[in-house]
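Chain by chain, the residues:
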Amino acid sequence: MSAVLEIEGLRKTYRSRRRGVRHALDGFDMRVESGQVHGFLGPNGSGKTTTLRTLLGLIRPNGGRMVILGHEVPHALPAVAGQVGAIVESPQFFPHFTARDTLSLLAGAGQLPGRRVDEVLELVGLRDRAGERVKTYSLGMKQRLAVASALLKNPKLLILDEPANGLDPGGIREMRTLMRDLSAAGMTVVLSSHILGEIQLICDSVTIISLGRRVAYGPVEQVLAEHSQSSVRIRLEAVTDLPQAADVLTRAGVRVAAEPDHLMLAGVDKPAAVSRLLAEHGLYVSELAPVAVDLESVFLELTATAPVPGQHRQVDQSTKVGEPGSGGTGGGWGA
Ligand SMILES: Nc1ncnc2c1ncn2[C@@H]1O[C@H](COP(=O)(O)OP(=O)(O)OP(=O)(O)O)[C@@H](O)[C@H]1O
């Protein structure tokens, strides 16, 4: 398979007098093969938008290499821009325009044939409402209109930042069908999302980013398989002992996520060693069960963003996997 998108060692550093130096991208790598629907996942502040904006020439990187459809960017962006459709920030539409007016205006500006407007309206499922003003649209309909605008030029690569944001379950399902249809038609789609269950269903492959670095990548099944061996749920005879058990295990190098009535452990090769270690500290296991993983649990494990009751994880507090202290019990989604 050929790569439609390749990123190697991308770096972006922000400097401010107040906050000092912040490495938004710290040697980030990514590769997306042709015809795939590729999920780009990471906690808040991990560098997704910075990556996408850098790719589209909206931000200048401090280092690294980016190639789209065989052309090195940003240098060769003019050569590939016509083949890349992107929605990185919510586009603003004229509220008094209808969807058809909006798309006709954009098609005219891009010197695209008028029939393309009807084609994309059909594709995103807005055909029957195309004559209504945008200000009467639901959030989901506006999202579809945004996707339609990115599809006008029939791009080879479609990049969508959080396309399922604000959609209800029905809207998400339809978005999923749309992504699959586009991919079946030969388009490569990169979409960033927090809705991991959906990513698991929609995407062929994923890249997971944490603190500006890639921490996992590959076909969804492969990423799941790589992490399915070592995920274990434990319960203790006394639920009040859970914090102490979490502490003991973390100090022993096990990655721990605390739930109200159990602990989830990652990276456990020998489950028996866990019960032995805890027993040595007077902590007795009542249940120890391997757990089939889904993408959400892999994501939480790798970025250490599993919620902990009473704690709120702040933006940027994901972890670098493989480094000392990368496990830990801390963190929950920012409230
Ligand atoms: N213009 C800027 N100046 C300073 N820091 C910035 C700027 N833009 C982004 N950052 C920082 O870079 C890091 C990565 O931000 P980015 O927006 O790429 O994350 P993200 O993964 O897209 O997050 P989210 O899911 O919340 O959109 C964050 O720490 C953010 O605060």
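None of these values were measured; they are calculated from a predicted model.

Enquirer: Lay out the environment of Ile-59 with the relevant residues and their values.
Expert: Mapped onto the elements, Ile-59 comes out in the loop between helix 1 (48–55) and strand 4 (63–68). Distance from Ile-59 to Lys-12, taken between C-alpha atoms, is 8.8 Å for residues 47 residues apart in sequence. Those residues in contact with Ile-59 that lie beyond four places of it in its chain are Lys-12, Tyr-14, Thr-50, Arg-53 and Thr-54.

Enquirer: Give me the lowdown on the pattern of salt bridges, citing residues and values where you can.
Expert: Going through the model one piece at a time under the given rule, you end up with 16 salt bridges. We note a salt bridge from Glu-119 to Arg-115, for which the minimum N-O separation is 3.4 Å. One end of the pair, Glu-119, and the other, Arg-115, are both in helix 4 (residues 115–123), four residues apart, so they sit about a helical turn from each other. In this structure, Arg-116 and Glu-119 form a salt bridge, with 2.8 Å as the shortest nitrogen-oxygen distance. Within this pair, Arg-116 and its partner Glu-119 are both found in helix 4, separated by three residues, close to a single helical turn. Each of Arg-233, Arg-235, Asp-261 and Glu-287 takes part in salt bridges that share partners, so that together they form one network.

Enquirer: Could you give an account of the side chain of Thr-51, naming the residues involved and the relevant values?
Expert: With respect to the secondary-structure elements, Thr-51 resides in helix 1. A relative accessible area of 0% means that Thr-51 is categorised as buried. Beyond its immediate chain neighbours, meaning those up to four positions away, Thr-51 contacts Ile-7, Leu-25, Phe-28, Phe-40 and Ile-209.

The rules behind these values
Residues numbered from 1 in each chain as written. Predicted model: local features only at pLDDT ≥ 70, side-chain atom pairs only at ≥ 80, totals over all residues. Heavy atoms only, no water. Helix = DSSP H or I, 4+ residues; strand = E, 2+ residues; numbered from the N terminus. Contact = heavy atoms within 4.5 Å. Salt bridge = Lys/Arg side-chain N within 4 Å of Asp/Glu carboxyl O. Buried < 20%, exposed > 50% of the residue type's maximum accessible area, 1.4 Å probe, protein only.

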